[in-house]
Every structure is written in structure tokens, then in C-alpha cells.
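Geometric and topological summary
The primary structure of each chain is shown beneath.
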Amino acid sequence: MKKLLNFLFSMQMMGTLIAIFAISIGAATFIENDFGTQAAKAVVYNAAWFEILLFLITVNLAANIYRYKLYKKEKWSMGLFHVAFIVILLGSGITRYVGYEGSMHIREGKATSQITSTDSYVDIIVEEDGNKTEESVKFNMSALSNVSLNEKLSLNDKDIKVSLKHYIPNASTSLIEEAGGIPVITFAATTENKMQGMQTFSLDYNSNKVLGENLFSFGEKETELATNFSYSDSLRIKSPYPIKELNMMGGEGVQMESNKWYTIGPRKLYEINGIRLIIKDFYPSAKYKYINTQDKKAPTVLVFDVKSGEQEKELIVKGFKDYIGTPETTQINGLNVTVSYGSKYLNLPFFIKLNDFQLERYPGSMSPSSFASEVTLIDTLSSIKKDYRIYMNNILKHQGFRFYQSSYDTDEGGTVLSVNHDQWGMMVTYFGYFLMIVGMVWSLIASGTRFKALSQMKSKSLKTILILILALGGSVTTYAQDGNRIEVPLEQAKSFGELVVQDKTGRFEPINTLASEVIRKISKKSRIDGLNADQVFLSMIIDPQNWEETPLIKVSNPDLIREIGASGKYASFANFLDIRGQYKLGKKVQDAYSRKPANRTAYDKEIISVDERVNISYMVFTGEFLKLFPDPKDKNHAWYHPKEPIHVQGEDSLFIKKSILMLSQSLKAHDYDSADMYINGIKKYQNTYGKEVMPSATKIKTEILYNNINIFKKLFPYYLLIGFILIIALVAKIITPKMSIKWLFRIAFIILSVAFLMHTIGLGARWYIAGRAPWSNGFESMTYVAWACLLAGFLFTRKSKFALAATSVLAGLTLFVAHLSWMSPEITNLVPVLKSYWLTIHVAIITGSYGFLALATILGMISLLLIVLKNKKNETRIDTTVVELSRISEMTMIIGLYSLTIGTILGGIWANESWGRYWGWDPKETWALVSVLVYSFVLHMRYIPGLKSIFTFNLASVWAYSSIIMTYFGVNYYLAGLHSYAKGDPIPVPSWVYYTVGILIVLSAAAYYNYRKYESKEHK
């Protein structure tokens, strides 16, 4: 028994539990992506085995806190850190079993105290002779779950059993003629003699349907005041109202008297009490068939068996998650049994009244900038009547309830508020967050901790010399220049580039930014024929005929180049048009887009990319990009190009229509004074009518300077070059100890310091230009991760020169990836949820952690490479270096893990302020937790027999970063979730990923072979 208990509460068991936990939640994100949120909850998050797993982790953690005596004074920091996990798990348990969520829909001027539950329920009501009994069962099912429902109720000494037979999500319904079925009539109906608003419905035998003020009944017994249908050998009708059988081809109809039976047939039109009915089909014996489809808007179908006494009936119920269920009723054994599936109303002890819903959009765009609800809280029991404003990241709190701005009605006349009731769960969890952060920070400075011990270990000084002479060369692609093409002088192009333009998202920016983006998109170059982007852009506008013949559109596929009749790697706009002026790629583009992204060939992708470049060129030639002119009467501050209608009169109207044309004529005639006059005229117009939304003159100049320097693109070659030189020199030093690299390292340190300063200034400039922290999209966060990588290198360079070398390479690679074609460097507007100070705090910390963890990965790769290079002559030197690098790697990993954990915690707090829950198993937050678990496992491997070696630690540090890559890239491109703000269709995995994985596998295998051969020292 003692051995069993020791095993159950051992670090081996803890490691196993953590691994199972990480794998389970990671797999759940893919289940959610393929089968829906309910499937992930049913199979993993809400499953009993998952709760048992969390309980075992909690118990094991508590046991190990005692076993390793983390309660002692000298270990309080780590004890506090680990106790925090237990507190957080306890808080999440309270949230799970006590808290609940819902949504509140209010129209302007209305008040309500009802919320719609987030959970779905099966509600059963049994009635007879005015007596009633009911049962409500929480019921969240999915296509992958196998949950049964068997409910027994009693009323008037009669037992009723309701059992679930079939569950069909996203069900498509069809009626099939089949023996053993029931008679069914299908109708199409409309009111007020109009064929608009037509409804289709079916009427089963022994059922009824209300349509407007009319009741329709079908069965053996007549229903009073209803239009009755019956069936024996024929279909008949009887109504308390006169019936008119209309001729669908025109002409006089047949009149039928009220309260008399008449034989009728399908595909005929009848008018009854203001309603027109078409009997579409009649099935003497039919059964409903339901099949699962891919239509996410289709209802869920539950098929129940209802039994009472000797009778048994089938009841089909349709419903939707997050919507109030539609009840279905059947009569059995003298009882009325009603069953519904879906959300249900929950009543609050107070009212919320919506006074006004306000939606603000970005100027000239339909994209929402922010939306808010002006409400009044009415609590009569507490004598409270108070006004509040609810908007994104600003909530209303009352009596343990929290109200969040969620969405709104399409007509903007109503709001949808998320409602959360989880006061105690949130407080306990937040307390756990606080303990964890304090424990982590404390452990970095307290004596007796692992981090402190690592930082105090002495390292062998690495002093070497290496002289390298490198020659750098490059080639510049040139274009054939057309002597007849009008080239704009630099001065006028610069002045034109300072004009403000509104882009498609509503952002105001200098034309220089637009020109840079357009020319880079079209040609993959920043200059053409020696002309800068401003010159090319303006020249294309004033002289489109000649530029249409200029080969400036990049085409990488040689087959496509031949097909359009071009040569080299660039094609002209004219190359894409045939002799009739028809677009040559029309059919090819349609075919490429019709294929799923994962199935598109390289040729398809090139077609799509080239088509986009051609369309951008066309928009430049036609002037559609030139949204230069504000409309003074446009409340949304939209700006327009000269060919669009603007509500101005007189000289202003004439100037708008003629300004670009006159500017073109002046430049063609080399009349640069007139050209300056027209450019200044546009500036004056903008300052007169658009000053309140335009960026300041200082911000415009800063943005232009930022564009022209393009600092991040210029930095990455230096980072890569210096980093690789240092790595080669340091490895050479280990192999040849007599070499010295002291001066080489000093020069490299100075260059990298200057580059890091420029990198910091670039981030600051982008922050100033955008008016927000520069890490809200892929490009921005990659540039920030590169900055954090180099920062980590500088912090640890005193411990080992390999740290700076590795982070220099890593920063260069990161910036290189940021400038790949699928990364957009554009400065964009934020979606409303990101307009929060939490963006600056949460994203800065969590992406900063990626830099430290990446450093651990690079150091791990270097260590594996050194192990591969080890032989009998250099064994001692390499072992010493690997131990040193592993120590630094572990320190950076600790800092990275702490930062990642704190960032994840702060993300939970932000989520609670924005969405009403601090944890919802969204794929992004789930994979952040997976990364925390992975690195926690790696750092605790030294306690697990068989995983203590230096080789195992470095191998794990290399492969652990794949969890970060999945969190950062995989979730955005392959999983759907709240964090996927710009997610489109999944893209195929780039081929270089497979090559990288292959290289790492070979490196790992070779290192393992040499490690086994030379018996590496144990990781300390």
C-alpha cells in the first residue's frame, strides 16, 4: 500500500497527469473546430473523466507540496506559487457548479428582468384536468456524445416516462411515404391575399396548428371553432367559415358553405377567413426522416419515446442552442405531454431598461469602432433607479450579476447583453491569480529557489579570437523603362505623398503609406526604375496608358508568364487583357477560388495572388484609391474620390471634380508651379472640411519617415549575419580553445546595441502613429517578439555569449517571417474588444514570454549540435559548455514560463471584463494553457527518473516550442475561436515547416546517438 501511495503521489504520476491534461485539452480544440463547441464540452470539458483528472491533479499537487516541504520558511515563495494552483482549481470548481451565464435582449425603450440561459434544457410538462407537473433537465449534447435521457413523472396516479431515442444536430427534415406511418398534410399559406410572407408547415394526424387567428385541426375528432381536416378513404375539410376553392389559372372559384364536409385534394388553393392555403402534398401514411447536415443554421432534432400505461407515442422536438425551445405536445393516456428543447428564461430580482443603443463606426466605414448601451437599473426592492453606460470592457455590476455589452440588433434598435453570475467563483479564482503572481515574482528574487541557485553558479569564461572577412553582394531587379512615360519630379511626389487619404477600413493615413503598400503589393519592390513609391503611384494616376504597358506586376510562376504572353518575372497590365479587352485570367481565378485552400495547388495560389495585384493596379489607374475629399455633410466622416458624388456646391464641387485632372495636365506640361498649387488646394480643402478626423501634421510626418526608413526590414539581415558569425565563432572556440573572439564579440555587441535601439524606436514610432500598442496583429506581434528575443539575449549575455548570438539569429528570423508575403505590415483599426488597456498589458507580457522561451529553444539546439560534435578530444570542453548553456536555458525558460503564465492570467481577467467569463476553453486560451503545462513538465523533468539528463532537457526545450507555435500561428489559421479576429480559410502548411521538422528530427537522433556513446553528465 505504501508503494502504491508513493507512486500515486509521485512526480512521475504528476508528470503523467499533466501530460494527459495537456493532450486532452489540445485535442478538444480540434474536436470543437470539426464538430462544434458542444461536442468538445461533451467529450472533454464537461465529461466526468475530465473532472476526475482535475481532482487527481489537485490531490497530487497537495501531496507533493507536503512531500517536498514547500511549507517551510525558506521555500515559501515556491509553496505559495504551487498553492495558488489549488486555489485556482477550487475557484474554477465553484464557477462550474454554482455560477451560470445567460444573455439579455432588450429593445430601446423597453425593460426586462429575464435572461436566456446559456445552457440548454429539456423541459417536460404533463397536464390533466387543470393539474400539472413538470421537470427541467440540463441537457448539453453533441454529435460525439452518447448521453441518454430517461425521466419519470407522475400525475393523477398516472406514470409517464419520457426517453430520448435519437439526437440529430443540424437536422434536415423530409417526409417519406412509408407503411406504418401517420397521415400528414403539408401546406403553404399566406394572409391578406398576398403571396408575400408565405409560410410552409405540416399538419400531422391528431394535431392542430394556429395560423394568425385561425385554428387548423387534423384527426378523428372535430375541434370546435377550428377548420377541421379528416381522412378515411379521402381527404376532407370542414370549417366554421365559408371556403372558396380558387382556380390557380384564373377564373371563377368554387364556393363551399361553412360547417359542411367537402372532399379536397392536393395542389389546390383555398381561401378561408382571410388566409390562402395551398395543399402542397398529402401523405396517407408518412414518416419523418431526419439526417445530419453541414448547415449550422439547421435545428437540432430530439426524438422522444413517451409512454404511459399501455400506450406509447413518438414525439419529435426541434430546438436551437441559445434560443428558447419551441414546445411540442402529444396526448397519451388522457394526459397532455409537452416537451421542449433549448435555452430557457431565468428571472432576475431587478429590471434593466434600455434607453438608447449607440453604435459608432470608423469614419467612412461600416466597421464598428465601438457600441454602447445607455441603460437604467431598476431595483424596487432596494429602492434603486440608476443610469449606467455599458460598453466593451465597461460592465454593470449588481447583486453578484455582471452585464457585458455583447452584440446588437441589425437595425441598431436593440442590444444583447451577456450576463454572468459567478461572484464567489470569480473571487476565489482571482485570489489564486494574486497568489500565483506574488509567488512567481518572489521566487525570482528569494534565496533558496532554483532560479537563484542557477544564477549564482559560476561559468567558465569564454575568451576567443576569430577573424572573418565577409563580402556581401546583391542584385537589383530592373525594369525596361519607357521613354514616353511621364515621370513625376521628387518634390511634387513628396508633397502629394503628404496628402491625407482614407483607406478601405476608414483609417486616415498619408498617401505615402498607401503608395508604399500598393507598390509593394503589386511589384514586391519598394522602388521601380529608380522611382520611389510616391513617384510611381502619382505617375500611374496621371499617365495610366503608358504604365499599363510597363512590366511591374510580379508573376512568380513561369507557366503563367508564358500563358499571358509576358517574359521574365514581371508582366504589364496590358498582358492580362486579350485583343477584345477581356480579362485572360477570369476563368482561372474562378476555378482557383472554387477550391478549398488546403486543396489549392501552387499554380492556383499564384493565380489568386496575381489577380489581386492586377485589380489593385486597375484601382490605381482609375483613381478609386484617391479618397481625398471629405464630405462636410456626411455624419460618418466618409471621404470620397473625385468621381463620387459629394454634397458640396459651387467652386468646391468644381475643384473636387477637376483637381486631379488639372494636376495631371500640369505635370504633363512640366508646369510644376501649377501642380504645387493644386496639391496645396487639396490640402487646404482637407484642412477646411476634415480637420476633426485627420491625424496631426506631426503624426503624418512621423508616419512618412517610418515608411521611408522601413527599419524592421533593414534590421533582420544584420541580426542574422551577426548572430551566425557569433555562433560560428563560439563553436570554433570550443573546438579550438586557442582562438580568441574578444574583439569580434565587442564589435558585434555594439552593432546589436545600436540595432536594438533602432528597433525600439521603430516600435515606439508605430505606437505613436497607430495610437495604440503595436502588437495587435501578426506583423506587429512578430516585430515585438523579435525585440523581446534580443532583450533576453542582452540580459543573459553575461552568463554566456551564446545567449546574445542565439537571440540575434532568432530576432532576425522572426523579422524575416514578419516580412513574408502572408504577413501584412499595414497599420489597421482595432475591433471594439481590443480597445482596452488590457491589450497593452496582456499581449506585451505574453508575447514577451515567447522571446525568452525561444531563447531556451535556440540554446537547446546549440547544445544538441555540440553533443553531435563531441569526441574524445573535446569531450570535457563541450560537456562544460553544454552544462552552462543548459543552465542559462533553464533560467530563461523559468522567466518565459512565468511571463506566459502571468500573461494568460491577465488574459483571463481581460476576458472576464469583456466577455463575462475568465475562462471559456476558447482555442487560443486553451493552447496558452497547453504551453504552460508543457513548459511546467519540462522544468520538472529533473524530478522524474529517466528524464533527468542534460540531453533530455535540451531535447525537450527544442520540441516544447512547438506548443508556442501552435498557440501563435496554428490557432489563428486552423482553429475557429474568439481570438481569431482575422481568421479566414485554413492555409496549407508551408513546405519549409516539413523541412524544419525533418532537420530537427535528424539533429535529435544524432545527438541521442552521441549522447549514449559518451555518457553525458546529469543535468543539475
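Criteria and thresholds
Residues numbered from 1 in each chain as written. Predicted model: local features only at pLDDT ≥ 70, side-chain atom pairs only at ≥ 80, totals over all residues. Heavy atoms only, no water. Pairing = 2+ DSSP bridges. Helix = DSSP H or I, 4+ residues; strand = E, 2+ residues; numbered from the N terminus. Axes fitted to C-alpha atoms, helices over the stretch in contact; angles between N-to-C directions. Parallel < 35°, antiparallel > 145°, perpendicular 65-115°, else oblique. Left-handed = near helix turned anticlockwise from the far one by under 90°. Nonpolar A, V, L, I, M, F, W, Y, C, P; charged D, E, K, R; others polar. Contact = heavy atoms within 4.5 Å. Salt bridge = Lys/Arg side-chain N within 4 Å of Asp/Glu carboxyl O. Buried < 20%, exposed > 50% of the residue type's maximum accessible area, 1.4 Å probe, protein only.

Here we take up the sheet that holds strand E20 (residues 328-332). Spatial ordering of the open sheet is given by E4-E3-E21-E20, a layout of 4 strands whose pairing is antiparallel. Two strands in the sheet have a free side with no partner beyond their single neighbour: strand E4 (131-138) and E20. Put simply, the sheet's adjacent strands are angled 15 degrees from each other on average, direction ignored. Sheet topology note: the strand E3 (residues 121-128)/strand E21 (residues 335-342) ladder contains 7 bridges and is antiparallel. If you follow valine 122 over to E21, its bridge partner there is tyrosine 341.

For the rest of this paragraph, the subject is the packing of helix H5 (residues 76-97) against helix H6 (residues 423-445). Close contact between H5 and H6 brings their axes to 7 Å; oriented N to C, the two are set at 160 degrees. With respect to H6, the element H5 is oriented roughly antiparallel. For the pair H5 and H6, the sense of crossing is left-handed. Among the residues forming the contact of H5 with H6, the class breakdown is 20 nonpolar, 9 polar and no charged.

Relative orientation of the contacting elements helix H8 (residues 490-497) and helix H16 (residues 672-689) amounts to 5 degrees, with a least axis distance of 10 Å. Judged on the interaxial angle alone, H16 and H8 are roughly parallel. Residues Gln492, Ser495 and Phe496 of H8 pack against Tyr672, Ala675, Asp676, Ile679 and Lys683 of H16. Looking at the contact of H8 with H16 residue by residue, the classes come out as 4 nonpolar, 2 polar and 2 charged.

Between side chains of opposite charge, a pair can form as their charged atoms come close. In the structure shown here, the tally under the stated rule is 22 salt bridges. One salt bridge connects aspartate 281 with arginine 267, and the closest N-O pair in it is separated by 3.3 Å. With a gap of 14 residues between them, aspartate 281 in strand E17 (residues 275-292) and arginine 267 in the loop between strand E15 (262-263) and strand E16 (269-272) connect regions that are remote in the sequence. On the basis of relative accessible area, arginine 267 is assigned to the exposed category, the value being 56%. As a salt-bridge pair, glutamate 703 and arginine 507 come within 3.1 Å of each other at their nearest N and O atoms. Taken together, the positions of glutamate 703 in helix H17 (residues 697-709) and arginine 507 in the loop between strand E28 (500-502) and strand E29 (508-510) put the pair 196 residues apart, joining distant regions of the chain. Taking relative accessible area as the criterion, arginine 507 reaches 7% and is therefore assigned buried.

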